Structure formats: structure tokens, C-alpha cells
Amino acid sequence: MASNGKSALDEWYFDGSTKFRIAKFDPAAKPCTTGSKASDLERLAALSARIETLQDIFYAEHRRKLLVVLQGMDTAGKDGTVRTVFRALDPLGLRVVGFKTPTPLELAHDFLWRVHAQVPGAGEIVIFNRSHYEDVLVTRVHDDIDAAECKRRYAHINAFERMLAETGTTLIKCFLHISKDEQRDRLQERVDDPHKHWKLGMADIEERGHWEAYMTAYEEAINATATPHAPWHIIPANSKSHRSLMVAEILLGVMERLKPEYPAGNPAFNGLKVE
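Here the structure is a predicted model, which is why all the values come from computation and not from measurement.

## Here we look at the overall build of the protein chain
Next up, step 1: For the protein chain, the count of helices and strands is ten helices and six strands.
Next up, step 2: Along the three orthogonal principal directions, the C-alpha set of the protein chain runs to about 70 × 50 × 45 Å.
Next up, step 3: If you take every contact in the protein chain between residues at least 6 apart in sequence, the share linking residues at least 24 apart comes to 79%.
Next up, step 4: Put simply, the protein chain has 36 plus and 39 minus side-chain charges, and the middle of one group is 2 Å from the middle of the other.

## Examining the packing of aromatic side chains
Next up, step 1: For the structure shown, the criterion picks out seven aromatic pairs.
Next up, step 2: When the centroid spacing of 5.6 Å and the interplanar angle of 80 degrees are considered together, the rings of F14 and F25 count as edge-to-face. Here the residue F14 occupies a position in strand β1 (residues 13–14), and F25 occupies one in the loop between β1 and α1 (37–61), the gap between them amounting to eleven residues.
Next up, step 3: When its relative accessible area of 11% is taken as the criterion, F25 is described as buried.
Next up, step 4: Ring geometry for Y133 versus W232: centroids 4.9 Å apart, planes at 70 degrees, classification edge-to-face. One end of the pair, Y133, is in the loop between β4 (125–129) and α5 (138–141); the other, W232, is in strand β6 (residues 232–236), with 99 residues separating them in the sequence. Across this residue pair, the class does not change: Y133 and W232 are buried.
Next up, step 5: Within the aromatic cluster, the residues linked to one another by ring pairs are W12, F14, F20 and F25.
Next up, step 6: The ring of F111 has R153 sitting right over it, with the charged end atom 4.9 Å from the ring centre.

## Focus: helix α9 (residues 211–225)
Next up, step 1: With 15 residues, α9 ought to run about 21 Å at 1.5 Å a step, and its terminal C-alpha atoms sit 21 Å apart, in line with that.
Next up, step 2: Residues of α9 that are buried: W211, Y214, M215, A217, Y218, A221, I222, N223 and T225.
Next up, step 3: Along its buried surface, α9 packs onto β2 (65–72), α5, α6 (147–166), β5 (169–177), α7 (180–192) and β6.

## Focus on unusual backbone geometry
Next up, step 1: Positioned with a positive phi, T75 is a non-glycine residue whose angle comes to about 75 degrees.
Next up, step 2: Tracing the sequence through the fold places T75 in the loop between β2 and α2 (78–85).

## Thoughts on the environment of F269
Next up, step 1: Position of F269 relative to the elements: it lies in the segment after α10 (240–258).
Next up, step 2: Judged by relative accessible area, F269 falls into the exposed class, the value being 55%.
Next up, step 3: Each C-alpha atom of the pair F269 and G168 lies 30 Å from the other, and the pair is 101 residues apart in sequence.

## Description of the UniProt feature "domain: Polyphosphate kinase-2-related" (unreviewed entry) in the protein chain
Next up, step 1: Feature annotation in UniProt assigns "domain: Polyphosphate kinase-2-related" (unreviewed entry) to the following positions: residues 36–259.
Next up, step 2: With 52% helix and 14% strand, residues 36–259 has end C-alpha atoms that lie 31 Å from one another.

## Some words on the packing of α2 against α10
In helix packing, the relevant descriptors are the interaxial angle and the interaxial distance, both defined with respect to the helix axes.
Next up, step 1: The interhelical angle for the contact between α2 and α10, taken along N-to-C directions, is 60 degrees, at an axis separation of 9 Å. Relative to α10, the element α2 lies oblique. Our pair here, α2 against α10, has a crossing hand that is right-handed. When α2 is examined against α10, the residues G80, T81, T84 and V85 are found in contact with a partner set consisting of R243, S244, V247, A248 and L251.
Next up, step 2: Taken together, the residues of the contact of α2 with α10 sort by class into four nonpolar, four polar and one charged.

## Description of a nonpolar patch on the surface
Next up, step 1: Taken together, the side chains of V191, M202 and I205 present a nonpolar region at the surface, about 270 Å² in accessible area.
Next up, step 2: Here I205 shows up in helix α8 (residues 202–206).
Next up, step 3: In this structure I205 comes out as partly exposed when scored by relative accessible area, which is 34%.

## Things to note about the sheet that holds β4
Next up, step 1: An order of β1-β6-β5-β2-β4-β3 is seen for the six strands of this open sheet, with the pairing classed as mixed. Of all strands in the sheet, those bounded by a partner on one side alone are β1 and β3 (94–98).
Next up, step 2: Packing against the sheet, α6 makes contact with β2 and β5, and its axis sits at approximately 135 degrees to β5.
Next up, step 3: In the packing of α9 onto the sheet, the strands contacted are β2, β5 and β6, and the crossing angle to β6 comes to about 145 degrees.

Calculation criteria
Residues numbered from 1 in each chain as written. Predicted model: local features only at pLDDT ≥ 70, side-chain atom pairs only at ≥ 80, totals over all residues. Heavy atoms only, no water. Helix = DSSP H or I, 4+ residues; strand = E, 2+ residues; numbered from the N terminus. Contact = heavy atoms within 4.5 Å. Lys, Arg positive; Asp, Glu negative; His and termini not counted. Charge placed at Lys NZ, Arg CZ, Asp CG, Glu CD. Phe/Tyr/Trp six-rings, centres within 6.5 Å; stacked < 30°, edge-to-face > 60°. Buried < 20%, exposed > 50% of the residue type's maximum accessible area, 1.4 Å probe, protein only. Lys NZ or Arg CZ within 6 Å of the ring centre and 35° of its normal. Expected span 1.5 Å × (residues − 1). UniProt positions renumbered as here; feature names shortened; annotations may be inferred. Axes fitted to C-alpha atoms, helices over the stretch in contact; angles between N-to-C directions. Parallel < 35°, antiparallel > 145°, perpendicular 65-115°, else oblique. Left-handed = near helix turned anticlockwise from the far one by under 90°. Nonpolar A, V, L, I, M, F, W, Y, C, P; charged D, E, K, R; others polar. Patch = residues over 30% accessible without salt bridge, like charges linked within 9 Å, V, L, I, M, F, W, Y side chains within 5 Å. Areas by Shrake-Rupley, 256 points an atom, 1.4 Å probe, with all protein chains shown as cover. Salt bridge = Lys/Arg side-chain N within 4 Å of Asp/Glu carboxyl O. Pairing = 2+ DSSP bridges.

Rendered as C-alpha cells:
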């Protein structure tokens, strides 16, 4: 807790009540750190164990749904977040969806068609590794849509997320915020290591030339789609260990507030002896 009684996470949380300005947020910040990388990883392990317990109850309850959206520039750590934060969870109630360039079939429908098909079912946690926000980020940066169409898509996203929230889905939207210098170093690491070339495409390098346009697009998208029922969490992600710790803190806080409960016992089993 911060000294003023507020959570250290509060200033990184946006629900539309204040304006988000990306330049005000340091991607190297560590609001959740416990003091060292080792202690952060120890804390992360404890959080993961608690999340695993709550996931078991959440799945058994089989009533509500949880959608985690991970957005960020290339190398921001979406894959790493999935591996470190969710590794202990039961695959039975967990699903990861990665959205790539739309296929011809997907392009023949509205941009949310492929997304709606992947939202969580009852008792399920689904992680979007990239998401419907690509359709107001990449498309806007590359002028595939104009400002008017982008505004319409913001409205469609807000209506879509409101519908999800009103039908039992809790949304956790995370913007993994890294610096341009940090991205350069991570891309160079992939270039220098042949075993990491599979992670890299020339388009990843070329997209760096649009960095400022992406920052503007993210700022506009977050401001247009941050709502009380689908807020955004800004995750400073220059530190990989802290990035994962912060996402885990947020996830655990949400799951604890949901207070999942095991279903009531079946009276037919009272006193039953299995022979």
C-alpha cells in the first residue's frame, strides 16, 4: 500500500474517469517490487499458488468467466507473461488465444466476429495474446482505416465489452508498456541468437519506424475504451520479472474480489458408502 492509503496499482489503472497520457508513465518503473528480482520472483510464486487455488474453485463454480487481454509492442512480453503468470494453472479451465493477421474468411466478417468466437465460457479463464485492439492499432497506424472508422470501431468495442461484462465476463485489459530503447535491445538479442530467429520477422524491425504513431494509437485507444466494466491496467514492462509480478497482483486481486465458491454438496451423497 502507498503511504496515502491507496494501492500502488491505482495510478496505473484507467477506467475512463481520468485521461491517460502515455508520456507520463515510466516503462522502467516498478510499483509492485518487493526490493529485488529474487524476492519479486518469490512473491510471484506465492501469488501463482493462490491464483491456482482460486482457479480451481472458479472452474468448479462454473458460473462466471474471466478474460485477460494482453496488448503491447513487439517484445513487450506477452508470451513471457503467459508463461510465468499462468504456468501453474490447470489447463482444463485455461485457454490462450493468439490473434494473427486476419484470414480471408475472417476479413469477410466484421472485425469482432473472430474475437467473439474465442471469449471464455462458464468457469473458464481465457488469455488474449493480442486481441481485437489490433484492429484499432495496426490498422490505424498503417492507414487501413480512417479516423471516422476508428471511432466507430471504438464504439463497437465498448458495446462488445459491455455485453461481455453484463453476461458474466470480467475483463482485465493490460497494456505492457516498454521503452523504445528496451525494445531495440530485445530485438537485437533475437537477431544475435540464431535460436531466437523463429521469434523474429523483418516486419518486427520495420514496425519500429512507426513507434511514435503506435504510441499515439495506444493512447487514443486506451482513452476511448477505458470503462468501469472494462478498465485498462498500464504495466511497466522493461523489467520482465516485475511485469509478471504486477500482472499476477492484478489477477489475484480481481479473483479475490470475485469470491468464487464451490457448488453446494449433493445431498444424495450424504452417508453414501462406496463398495
